[in-house]
Structures are given as C-alpha cells and as structure tokens.
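Below are the chains, spelled out letter by letter.
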Amino acid sequence: MLSAQSARLRSLAADWARRRQGEDSHAVALQRRRVYILPTRYGLIFALTVFAMLLGSLNYGASLGFGLTFLLCGLGLVLMQHCHNNLLGVTISFAGADPVFAGAEARFRIALQNGAAETRWDLAIDCGASGDGPVDLASGAATTLQVNLPTRTRGWVHLTRFSVSSRHPGNLFRAWSWIHMDARCLVYPEPAPPGRPYAFSSDAGGMRSAPQQEEDDFVGLRDASPADPPRRLAWKAYARSDQLMTKEFAGSAAPACLFDWRELAELDDDAKLSQLTRWCLDAAHEGRSFGLVLPDRKIPLGTGERHLHDCLQALALHGLAE
Amino acid sequence: MSALTRNTTGMSRLIWTAGICIGASLPHWTTLPIWAPALLLLCIGWRFAARIARLPLPGRKLMWLVTFGAFGAVFFEFRTINGLVPGTALLVVMVSLKFLEARSQRDHMLLTVIAYFLVFASLLAGGGPLKGLYLFVFVWITTLGLLQVGRHGSLLPNVPTARLAGRMLVQSLPLMIVLFLLFPRLPGPLWAIPGAPGSGSTGLSGEMSPGDITDLGLSDEIAFRVEFMGQTPAASELYWRGPVLPLFDGRTWTRLRGSRGTVSDTIEYLGQTSEYRVMLETEGRNWVFAIDMPQTWTTGDRRQSIRMNSEYQLNVFPPGANQGRLTYTVTSHSRYRAAETLTDSEIELFTRLPSSSNPRTRELVERIVEDDPDVRTLVERALGVFRQSDFFYTLTPPPLGVHTADDFIFETKEGFCEHYASAFAIMMRMAGLPARVVTGYQGGELNSIGDYYVIRQSDAHAWTEVWTPEDGWLRVDPVSAVAPERIALGSSRSSIARPATVATRLGRLPWLRQAALAWDVVNTFWDDRIVGYGPRLQRLLLERLGFERPDWRELLALTVISTAVLMVALTIYLGLKVRETIVPDPAARSFASFMRKLGKLEVEPMQPGESPTAYARRAAERLPDDAESIRSITATYLAARYEPDPGGSASSRLRDLVRSFRSGYAPAST
C-alpha cells in the first residue's frame, strides 16, 4: 500500500522532471539544475539523532551539547551540497544495446565520462529493478555500465528513463539525475521450439533442391538439424553417444533455402514470425545460404552475421510502424 | 566485486566501527561502572576473534541472556534507567551488543550515528577546553568513518577522505556558530532532570569536624571566579562567606535546620562598597559565596533567585534546581553592624555545648572571665591564648581526642583554620557569649592576564562570629592571631608549614606560573563564554546587535534567515569551485564550434533528442557541397567521443578538421 503510494509519487515526480527537462540529446552533461537530491534512510536516522540531541541540549541547557548538535546540523547540510556536486560534470551517453530475443533481457550500455577535475565517487545507474555500479571515475576517466530491461514482445524496446545517482559522501543523501534519451534495443521474435522441418518456397529460384551427396568424401560429423535428410544422419554415432549428428561430405555445402511466410499459412502471424526466426537461426548455424519472403518484403539469399541480423530485424519489425 | 575485496572491505569496516565505538565511549569510562567498558571491549574482541579465527558468535539464547543481564545490571547499579549516566551505560551496552552482530552496512551506519550520540552525551556533563578539542578531533574521525562505512564498494583512500571530512567540518563551522549564537535558548528544562547528588566532588561540605582530618589535601581546583567592577578590596578583606555552622555536638559543627526568620533587615551597612560578578560551579549545593557582608544580589537566571537566611548565608532558591554553573552579581560592604537582638532561646542555641566536655578549656575560660568579666575585652584576651603560647599553623596536624579543644589548646597546639575557629568558638560559648563558626574562602589570586580573581579549594577557610548585646555579630578570625600572613597574602603565597608538593615547587617557576595564568584565561573564556552561553549572554549579545528584548519567535526567525543566507553562500562557494574544475571534453568543444559554424550557414541547431548523425544528415541536405566534410567530421567526432581514444589523436584530428571546414585549405590529415 505504502510502497504503491511511493511508487506513484515517484513516477509523478519523474514525469514532472521530464516535462521540465525535455528530451535529452545523445550525450548529457549533468548540470546543477537537473540534479535532484533527497535524504536516504540513513540521512533520516541522522536527522532524527540530531533532533534528539537538540532536545537533550535544550533540556540540560548544555551549551557544549548545542555546539555538537549544530556542528552535526551544519555537517548534514554541507554533506548535502557535496553529494549534489558529486554528479556535476559527468557526461552520460547511450553506448548501444545488442539485439536480444523476446523473453530475454535487453542490455543497455550506458557510457559515463567524468569531465570534472575531481574524482566522482559512487556513481550508479538505476532503472526500475535493474541497476549497475557503483563505480568511481577519476577525472577524465570513462566507463560503461549496463541496465537490463525485461522484454516480452518483438520490436523496439525503449529505455524511456533511467537515473544516474550517487550517495557519496556518507550515504546520508542520494543525488540523482533522470535521463531521457533515445536509447532503444531491437528485440527479435522469440524462436519457435526446434523440430519443424524447413518448408521451402515453391518459387525458390536459384536454389539447389536435391544435394548430390553420394560421390563426395565423408569429412566429419556436425550437430544434426531437423532439416537434414534422414539418410545423412549418423545413426551409428547416435547409438554410441546419444547425440544425433549429421554426416558431412566435402563439397556438399548445405542446400540454400528461401523461407516463405506463405508456407506457414496455418499459423497466426506471431507464430509464423517465431517459426521463421527459428529457421533463420538454424540455417545460419548450419552455414546454409538462406533468404526470407515476407508479405511486404523479400530478402534475397545470403549468409553471415550481417545477413542473419537483417533477416531477424525484418522479422522483428514486421508489421510494426518504424 | 571479488570475494577477496569484499572480505577486506568488511574487515576494514569492522576496524573503523570498532575504533569509533571505543573512541566515542572513552570519555565516559571514568563515570561508567567498570563492567560497561569491559563489556564493550569483550564484544569487540569476540567479534574480531570470530572474524579472524572463525570462532562461533554467541547464539541467540546467550545474546538474550547478555542483553537482559546488562539491562538488569544498569538498573541495579543506578536504581533507574533514567538520567545521564544510566542512559549512557545503556547506550554503551547497546553499542556492544550491536557490534557483536554487525554485519551489514546498515549495522555499521547505525553504530556510527550512535557514536555521535555518545560524544554528545559526554558533552552534557560539561568539560574543559581539552575535552572540547578531543571531541572535535573525534567528530572528525567519526565523520571520516561515516564516509568509509557509507561506501558501497571498497573503502575510499584514507588521506584524501580525511581531508574531505575535515573540509566539510570546517565548512559547517559558520553554520554551527550562527546556530549556536542565535538559536533560542530556553531558560528552563523541558522535563525534569534526575538529580545527581554531590557525587564526591570537592568543596565545602557544610559541616566541620576539627581533629578528624589530619592531612588537609588542599587541591588547586578552582572553586569560583570573581570579576570586580571598579575597586578591588584588599586581600585581607576578602572573606568569602559560605555555610554558617551554629550547631555543635562536641565534635562536629553543623548548619541550622531551617531558619530563624528574617533578621537580615537589621544589618547596617558601613564602609566601602564593592560590586562583583561570581561564576560558580554549584555542584548541587545550595549555598553560594559572597564577600562578608553582601547587601544586594541578583542571578542572571530567571529560574533561580538568591536569598539570605537568618545566619546571613546566601542560598539559591529553589533548592536543588541549581545544577552546574551559576553566575550572580553582588554588592558587598567592607564593614557592617549586624546588631540583631537575640531571644533567650536563641542565646541558648548559640551557647549550647555538650556538658562535661573540654574540662581544661572550661577551667581556662572561667579564669579569664574571673580576671575581668567585661565582654568587650574578653575576645581580645581569649585570642591572647593563641598569641602567647607557641601555637603553630599547619595543614598536617596530629589527630585530636574526645575533648578536641583541650587537646588542641593544651597538647598539640598545631592545626589549621578549623581547629582555631572551633576552639575559639567553644571558648566563647563557655564564657557565655553566643558564637558560631562561619566557613568559606579567604583571599584569592588575581589572574593578571584576564583581570579576574580565582578562588581555589586551597583558599578554604573557617572563622568565628561572636555576638555581643551592643555590637551584634562580630567577625573574629583566630588564625590572624597566629598566622597573620595567611590572611594578608592568601594561602597560595604564604608558605606556612605547607608541604612543598611538586606542584607548588613548579608553581614557583615564573614562566610556568605565566603559562598557568594564560591557561586559566582560556579555561575562563571556555567556561564563561562557551559553556556558560545561555539565555542571559544571548540576550546581551542580541542587545549589542540592536535587538531590544527579542522573544523566541523572533530569535527563531532570525536563526532560520541566517541559516538560509549561509546555505546560499555555501552553495555559491561550492558551486564556484565546481565550475572552475569542469574540463569540457575537447571533442565536444570542437563539435560545438563546428555547430556554430554550421549555424552561421543557416543550419537549424541540433534539436533535443536529435543524434549527431541525424543532425549531420540534415546539415548535408542543407549544404550539399559540404556533405562529404560534414560526414567525415561527424564520424571523427563520434569516434573521438565513443571509441577508445588513448592518445587523443581522434580529438586532435577533429579539431583540425573543424578548423579547416570552409576555411579554404585542406586539413593536415594524419
């Protein structure tokens, strides 16, 4: 109940800060007017203690007690200033996020660079439940921290807001700054479970449909893929090791395949995308040349990481407004 | 963080917290029962043993047992858990037990905050400037500990952090001073303070048993300080009147229970007046001191008043409320006539003696009275007893038997003021004259640096007052008959049979004496202006600042305003320091000047949320001729900014590129 209230309050404050600050550009140098500060629970305990000291001094009329009370009072206020200043001059930028599959955590890399002449202590990054740090940054030094966001569906996941904070010195206060920058991570569709054999497009133009295998020399075994013809599975090896392998023959580059959206007519759209993702992954893994045919887009045959990424991105963003 | 770093960090945290806990409780060790610091050390030792040698920590049952045992011990020791010392003992117990189970950062933070409170508790009991210095240094150490313990990761480097802690304390000093001076001080306590009965402190006890004390260990401890306004009376006139002892049981002189009514109106004040201010540690006693004979008296404190009782003794009212320091102003007269009339019962009271005590003295007195019954010469002739015989003033007299006056006058003939005053009063009572013993101090030492008088415990004195129907009460000091220099010079400079201790020998060295005087000035300033800063001094200060009778609301407003002003000043000061230290990234600086150049070429400035690449694309569309150099500058900028750039080569290349952009010559590319 209380935590729900405080979460609501926090999001209201954050929205206010966003309206106040506006969108951030790709790199943010922290300035005084965008650093907020509140006492931590230790700060509250400290304040309560000082208040108790004040009451005690009043009661005993103890001048020296007043002296210490007011010294600590001043110390608290000075600590607050130092804590607030400890974020100034730090530049924050988004250093990228590698694409992930839906269901996995998107990992956003945040680069921090200390442009101040003094060391900046105890810098941490927070985003909801996830956070990283604290790190110390010497003058001029830079580092990269990471925040994770859970993903559920394909497409872009945006890091709408995160905070850079510090509790130095003394952990009595937490100074932070909200950052709203255009940080996004591509989420590929979740791959379907393996098992469904490849379905080839009927108009797979240049693809070789029947591999000419027999006359080639046997060169070794590799992990079996559901698309492998049963004749080439290493049944003897399977009997020995419990692992299904496929015999590979020299000169028999696995046949290329063009995966077609229309071959999966019985599935709904998301399941189609999942299945296509699975096939793309398997094909890339087997070193096959593969391509995609989507209702509004066609990706010709190709190989390599870049090609795989292009295919998966097309699947991830299919039907979504860019 | 690796397990090893976490381990060493945990250990360093423990060491910090242990040091802070011991240091904060150290000033309490003398007042606490011995088991409290012992428990603390035991718990700390156990915790470290558990950590280093992997010994088991006490189980839950034992912890409960120790907790209840310690709380019970506090209660049985003090019969209460309320009050300063019991409260402190409880705090030390809590710190000990908490330390035993301190694991998380939270525990260490709590212990550090409690350490501040322990320091605070030791300040409530007062203390001198040395204690103040120790505690300031210790607050610094505790603050350093707070910074270390408050860290999430491994500990901060000690030396720069100590400097930071010191800097922060110095920066909080102005706030402290302003709050100290302006925060409204209340004239009374918020709730009743449990009294601490005169716990073995030195000073006059309010009774006197000559013959019991055989070595008057006179301490140099300061009884009170006096500041004269105007003329200072001669040292021989400085009789500081204290407790008056009219009751005698044969051995001990004691005060009167109650009062005989108001008789002080009958005093006739003569001679010179002197006005002075006394700063006194009352130590829980009711009586205060003034030069014989005080005429007017005021305290600086509205809570307390001073009243004179029937024996002309000044007492604080209400009794029992006078804890700690008391400052009061008195006017005294050097001569007076206290010609009150005594009723028969009062005469009986002041001449009462146990029957059949001191037979030889009684015989001697009867002989003196038979010679000449005139009471006016009687006093002189009785004093003659001490003058004629070989009486000796010493601070280490032999003990006296049952008949103290007999033994003193006829056997030992050695003693200090108490012996003489008691024997003389007994003789006067035997002669039928009402007499009583007055205790107090005599003399005092001028502190030439601070221009005030210091009256020490070694100045303690006792004399006699004799009543005659014509003149009333007369002061008679038998010591002046034996050792007049004791009265003329004061105890500290008269060397009568005073055992030469190391301290007094050292006291003869002139430079040491100077140093002692200077130290006393520091002490006086501390006691008077810092420890003694209360409602009265605050009012005086504010009146000097031009505030007429400010009430607490105005004071509070003044406090808040000045705190706010100081905070703004501090923010500006610290902000200026930060601004000086920010070094703009050279790449960002170059790109900013590039954007300024583009701005002159009518490219809209970079929008919030726009990436440099998008901006460059826009600029290239606007200036197609420069598209290539815009693209390369932006790429170099991104490389300098977001890729490892150890030598800063990308930054310098960027600078050259930006400089040559549209300036007519090709960049010196590397």
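Bear in mind the structure is a predicted one, so any value in this text is a computation, not a measurement.

## Thoughts on the overall build of chain A
Secondary structure assignment for chain A yields six helices and 17 strands. With 322 residues in all, chain A has 41% of them scored as buried.

## Looking at the interface of chain B and chain A
The interface of chain B with chain A comprises 58 residues on the first partner and 54 residues on the second. At the level of secondary structure, the elements contributing two or more residues to the side of chain B that touches chain A comprise helix 5 (105-124), helix 6 (129-149), helix 7 (158-182), helix 16 (510-531) and helix 18 (552-581) of chain B. For the side of chain B that touches chain A, the class distribution of residues is 39 nonpolar, 16 polar and three charged.

## A closer look at the environment of L55 of chain A
Residue and element names in this part refer to chain A. Tracing the chain through its elements places L55 in helix 2 (residues 41-60). Note on L55: 12 C-beta atoms within 10 Å, which makes it exposed. Along the sequence, L55 and F66 sit 11 residues apart, while their C-alpha atoms lie 9.4 Å from each other.

## Considerations on the sheet that holds strand 9 (residues 155-158) of chain A
Residue and element names in this part refer to chain A. Read from one edge of the open sheet, three strands run 4-12-9, paired in mixed fashion. Every other strand in the sheet has two partners, leaving strand 4 (100-101) and strand 9 as the edge strands with one partner each. Bridging between strand 9 and strand 12 (residues 184-188) involves four bridges; their strand directions are antiparallel. Note that in strand 12 the partner of W156 across the bridge is L186.

## Notes on the packing of helix 2 of chain A against helix 5 of chain B
Two elements in contact, helix 2 of chain A and helix 5 of chain B, have axes whose closest approach is 10 Å; the angle formed by their N-to-C orientations is 10°. What the angle tells us is that helix 2 of chain A and helix 5 of chain B run roughly parallel. Facing Y42, I45, F46, T49, M53, G56 and Y60 of chain A of helix 2 of chain A, the residues of helix 5 of chain B in contact are M109, V113, Y116, F117, F120 and L124 of chain B. For the contact of helix 2 of chain A with helix 5 of chain B, the class distribution of residues is 11 nonpolar, two polar and no charged.

## With respect to the sheet that holds strand 16 (residues 290-294) of chain A
All names here are of chain A. Pairing is mixed across the open sheet formed by three strands, whose spatial order is 15-16-17. Each edge of the open sheet carries a strand with a single partner, namely strand 15 (257-260) and strand 17 (297-302). Direction aside, the axes of adjacent strands within the sheet are offset by 15° on average. With four bridges joining them, strand 15 and strand 16 adopt parallel strand pairing. Its bridge partner lying in strand 16, F259 is registered against L292. This element, helix 5 (residues 269-286), spans strand 15 and strand 16 of the sheet and lies at about 170° to strand 15.

## Re helix 10 (residues 375-388) of chain B
Residues and elements named next belong to chain B. With 14 residues, helix 10 should cover 20 Å at 1.5 Å per step; its first-to-last C-alpha distance of 20 Å lies within 8% of that length. For helix 10, every residue scored as buried is listed here: L378, V379, A382, L383 and F386. Taken end-on, helix 10 shows its buried residues confined to a sector of 125°, consistent with a single buried face. Opposite the buried face of helix 10, at more than 90 degrees from it, the exposed residues are R376, E380, R387 and Q388. In the core, the buried residues of helix 10 are packed alongside helix 9 (359-371), helix 12 (417-430), strand 17 (460-468), strand 18 (472-476) and helix 13 (479-482).

## Quick notes on the pairing of strand 17 of chain B
Residues and elements named next belong to chain B. In terms of burial, strand 17 is largely enclosed, as eight of its nine residues are buried. Sheet analysis places strand 14 (residues 435-442) next to strand 17, joined by seven bridges and oriented antiparallel. Looking at the pairing, G440 lines up with H461 of strand 17. Taken together, the five bridges between strand 17 and strand 18 define a ladder with antiparallel strand orientation. Counted as the bridge partner of T468 is G472 from strand 18. What sits between the antiparallel neighbours strand 17 and strand 18 is a turn of three residues.

## Description of the environment of L14 of chain B
Relative to the helices and strands, L14 of chain B resides in helix 1 (residues 3-25). Dropping the residues within four chain positions of it, L14 of chain B is found in contact with R47, F48 and R51 of chain B.

## Re unusual backbone geometry
The omega torsion of the bond from H168 of chain A to P169 of chain A falls at -5°, within 30 degrees of zero and hence cis. Mapped onto the secondary structure, P169 of chain A falls in the loop between strand 10 (162-166) and strand 11 (173-179). If you check the backbone angles, K413 of chain B has positive phi at about 55° while not being a glycine. In this fold, K413 of chain B is placed in the loop between helix 11 (404-412) and strand 13 (414-415). For K413 of chain B, a count of 18 C-beta atoms within 10 Å corresponds to the partly exposed category.

## Details of the packing of helix 21 (residues 627-642) of chain B against helix 22 (residues 649-660) of chain B
Residue and element names in this part refer to chain B. At a minimum axis separation of 9 Å, helix 21 and helix 22 run at an interaxial angle of 155°. It follows from the interaxial angle that helix 21 and helix 22 lie roughly antiparallel. Our pair here, helix 21 against helix 22, has a crossing hand that is left-handed. Residue-level contacts link S632, I633, T636, Y637, A639 and A640 of helix 21 to A650, S651, R653, L654, L657 and V658 of helix 22. Taken together, the residues that form the contact of helix 21 with helix 22 break down as eight nonpolar, three polar and one charged.

## Observations regarding helix 6 (residues 305-316) of chain A
For helix 6 of chain A, spanning 12 residues, the distance from its first C-alpha to its last is 16 Å, which sits close to the expected 16 Å at 1.5 Å a residue. Of the surrounding secondary structure, the elements contacted by the buried residues of helix 6 of chain A are strand 9, strand 12, helix 5, strand 16 and strand 17 of chain A.

## Examining the nonpolar core
The nonpolar side chains of a soluble globular protein tend to be buried, and buried together. Of all hydrophobic cores here, the largest spans 120 residues; its most connected members are F108, V164 and C280 of chain A together with C21, A115 and V119 of chain B. Not counting the four nearest positions on each side in its chain, C280 of chain A is found in contact with F259, F290, L308, C311 and L312 of chain A. In this structure, L204, L378, F408 and M428 of chain B belong to the second largest nonpolar core, which totals 78 residues.

## A short note on the pairing of strand 2 (residues 222-229) of chain B
Pairing of strand 2 of chain B with strand 16 (residues 452-456) of chain B, which is carried by four bridges, proceeds in the antiparallel orientation. By the bridge assignment, I222 of chain B is partnered in strand 16 of chain B with R456 of chain B.

## Some points on the confidence of the model for chain B
Residues and elements named next belong to chain B. Overall, the prediction assigns chain B a mean pLDDT of 80, with 85% of residues at 70 or greater. Mean pLDDT across the secondary structure elements of chain B bottoms out at helix 15 (residues 502-507), with 48, and peaks at helix 7, with 91. In this model, residues 492-505 is a region of pLDDT below 50 whose contacts with residues beyond four sequence positions or in other chains number 18 contacts. For the stretch residues 665-670, pLDDT sits under 50, and the model shows eight contacts to residues farther than four places along the chain or on other chains.

## Considerations on the confidence of the model for chain A
This prediction gives chain A a mean pLDDT of 81; 82% of its residues lie at or above 70. Under a pLDDT of 50 for its full length, residues 202-216 of chain A has, in the predicted model, 18 contacts with residues more than four places off or in other chains.

Analysis parameters
- Residue positions are given per chain, counted from 1 along the sequence in the order it is written.
- A letter from A marks each chain and a number from 1 marks each ligand, given out in the order of writing.
- Per-residue local features of the predicted model are confined to residues with pLDDT of at least 70, and side-chain atom pairs are confined, for both listing and counting, to 80 or more; whole-chain, interface and lining totals are unaffected and use all residues.
- Secondary structure elements follow DSSP: runs of H or I of four or more residues count as helices, runs of E of two or more count as strands, with numbering from the N terminus.
- In this scheme every C-beta is placed from the backbone, and a residue whose C-beta has 20 or more other C-beta atoms within 10 Å is buried, one with 12 or fewer is exposed, and one in between is partly exposed.
- Throughout, a residue-residue contact means that the two C-beta atoms, derived from backbone geometry, are no farther apart than 7 Å.
- Gly is placed with the polar residues, together with every amino acid not listed as nonpolar (Ala, Val, Leu, Ile, Met, Phe, Trp, Tyr, Cys and Pro) or charged (Asp, Glu, Lys and Arg).
- Two strands are said to pair when DSSP picks up at least two bridges between them.
- In this analysis an axis means a line fitted to C-alpha atoms, helices contributing only their contacting stretch, and an angle means the value between N-to-C directions, from 0 to 180 degrees.
- Throughout, the term roughly parallel applies to angles under 35 degrees, roughly antiparallel to angles over 145, roughly perpendicular to angles from 65 to 115, and oblique to all others.
- A helix is expected to reach a length of 1.5 Å times the quantity of its residues less one.
- An arc is given here, and it is the one of the directions from the helix axis to the C-beta atoms.
- Here is the rule for handedness: rotate from the far helix to the near one, and if that takes an anticlockwise turn smaller than a right angle the crossing is left-handed, while a clockwise turn gives right-handed.
- Connectivity within a nonpolar core runs through C-beta atoms within 7 Å, and the core itself is a set of buried Ala, Val, Leu, Ile, Met, Phe, Trp, Tyr and Cys residues.
- Across the chain, each position has a pLDDT score giving the predictor's confidence in that residue, from 0 to 100.

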